[in-house]
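Residue strings, one per chain:
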Amino acid sequence: MINEAEREILVVHLPAQDGLCAGCRVWWSRLTPYPCWQVNWATTRQARSLTAALLGGRA
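Keep in mind that this is a model prediction, so the values were computed, not measured.

**Observations concerning the pattern of salt bridges**
So, point 1. Enumeration over the complete set of coordinates arrives at 3 salt bridges.
So, point 2. In this structure, glutamate 6 and arginine 45 form a salt bridge, with 2.9 Å as the shortest nitrogen-oxygen distance. With glutamate 6 in helix α1 (residues 4-12) and arginine 45 in helix α3 (residues 37-55), this pair connects stretches of sequence that are 39 residues apart.

Below is the structure:
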């Protein structure tokens, strides 16, 4: 249960060899440490959706 926006973020925002977020560097030319706030947002949303599904709620 993962939204398309979350999936896109998790696919693009990966750690580079220097420990910075590769997605932030490519998309916005920003040097941001990994995990960036986009990855934190996407993983939090994913965890909420999975928890809601397990508890019988809606995501």
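**Remarks on the side chain of glutamate 6**
So, point 1. According to the relative accessible area criterion, glutamate 6 is buried, its value standing at 1%.
So, point 2. Engagement of the side chain of glutamate 6 in a polar contact is seen with the side chain of arginine 45, the distance being 2.9 Å.
So, point 3. Here glutamate 6 is in contact with Trp41, Ala42, Arg45 and Gln46, once residues within four sequence places are set aside.

The rules behind the values
- Residues numbered from 1 in each chain as written.
- Predicted model: local features only at pLDDT ≥ 70, side-chain atom pairs only at ≥ 80, totals over all residues.
- Heavy atoms only, no water.
- Salt bridge = Lys/Arg side-chain N within 4 Å of Asp/Glu carboxyl O.
- Helix = DSSP H or I, 4+ residues; strand = E, 2+ residues; numbered from the N terminus.
- Buried < 20%, exposed > 50% of the residue type's maximum accessible area, 1.4 Å probe, protein only.
- Polar contact = N/O pair within 3.5 Å; in protein donor to acceptor, adjacent residues only side chain to side chain.
- Contact = heavy atoms within 4.5 Å.

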